[in-house]
Amino acid sequence: QVQLVESGGGLVQAGVSLRLSCAASGDSKCIASMGWYRQAPGKERELVARDISGGSTNYADSVKGRFTISRDTAKNTLYLQMNSLKTEDTAVYYCNAVGWGACFGDYWGQGTQVTVSS
C-alpha cells in the first residue's frame, strides 16, 4: 500500500508562484509513476502533469511552460512548481501514484486547495 499526503496549497494572486509537495510513504518502492491532477468546481478531474520513472514527463497543454513536475526519489516526494499562476488554475490539486507488482493499483492523496485571485 502507498499513502500520499499533499501540501503547499493556498490563496495567491495571479502571476505569482507556488510549489506543491506530495510525500509518499508505505510501499513507495513499487511506485511506477506519479502525477498531479486537479479538479475545479463543476468540472471533471484532469491531468496536470505526470512523471514516469525513467525521466519521462508530460503536461497538460494549459500548463506547459508554466508548471514543472519533479520527483525526489530519495525523499519519496513529488513536487509541482507552478509559475505565472492564472485564475483558471484554481482547483483542488491531487497527487496520484500508480503502483506495480505487490502494490499494483491507483493511489490518491486527499487534495490541496489552490485558489488564484485576480
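Residues numbered from 1 in each chain as written. Predicted model: local features only at pLDDT ≥ 70, side-chain atom pairs only at ≥ 80, totals over all residues. Heavy atoms only, no water.

Participant: Explain the side chain of Asp-89 to me, please; I cannot follow it from the model alone.
Facilitator: Relative to the elements of secondary structure, Asp-89 occurs in the loop between strand 8 (77-82) and strand 9 (91-99). Given the relative accessible area of 1%, Asp-89 is considered buried. A polar side-chain atom of Asp-89 sits 2.8 Å from a polar atom in the side chain of Arg-66. Other than its neighbours up to four places away in sequence, Asp-89 contacts Arg-38, Arg-66, Phe-67, Ser-84, Val-114 and Val-116. (Helix = DSSP H or I, 4+ residues; strand = E, 2+ residues; numbered from the N terminus. Buried < 20%, exposed > 50% of the residue type's maximum accessible area, 1.4 Å probe, protein only. Polar contact = N/O pair within 3.5 Å; in protein donor to acceptor, adjacent residues only side chain to side chain. Contact = heavy atoms within 4.5 Å.)

Participant: How should the environment of Val-12 be read in this particular structure?
Facilitator: Within the secondary structure, Val-12 is located in strand 2 (residues 10-13). Each C-alpha atom, one on Val-12 and one on Asp-72, is 25 Å from the other, the two residues being 60 residues apart in sequence. With sequence-adjacent residues up to four places away left out, Val-12 is seen in contact with Leu-18, Leu-85, Thr-115, Val-116 and Ser-117.

Participant: Explanation requested: the state of the cysteines in the structure shown.
Facilitator: Structurally, a disulfide amounts to a covalent bond that connects the sulfur atoms of two cysteines. According to the stated counting rule, one finds two disulfides in the structure shown. Note on cysteine connectivity: Cys-30 is disulfide-linked to Cys-103, with sulfurs 1.5 Å apart. Between Cys-30 and Cys-103, the disulfide has an S-S torsion of 135° and is therefore right-handed. Taken together, the positions of Cys-30 in the loop between strand 3 (18-26) and strand 4 (31-39) and Cys-103 in the loop between strand 9 and strand 10 (105-108) put the pair 73 residues apart, joining distant regions of the chain. Should the bonded cysteines of the protein chain be numbered as they appear in the sequence, the pairing reads 1-3, 2-4. (Disulfide = S-S within 2.5 Å.)

Participant: Which parts of the structure should I look at to understand the pattern of salt bridges?
Facilitator: Any two side chains of opposite charge can pair, so long as their charged atoms come close to each other. Tallying each qualifying case throughout the model produces five salt bridges. Note that Lys-64 and Asp-61 form a salt bridge whose closest N and O atoms lie 3.1 Å from each other. Two residues, Arg-66 and Asp-89, come together in a salt bridge whose shortest N-O distance is 2.8 Å. Taken together, the residues span a long stretch of sequence, with Arg-66 in the loop between strand 6 (56-59) and strand 7 (67-72) and Asp-89 in the loop between strand 8 and strand 9 at a distance of 23 residues. Judged on exposure class, the residue Arg-66 and its partner Asp-89 are both buried. (Salt bridge = Lys/Arg side-chain N within 4 Å of Asp/Glu carboxyl O.)

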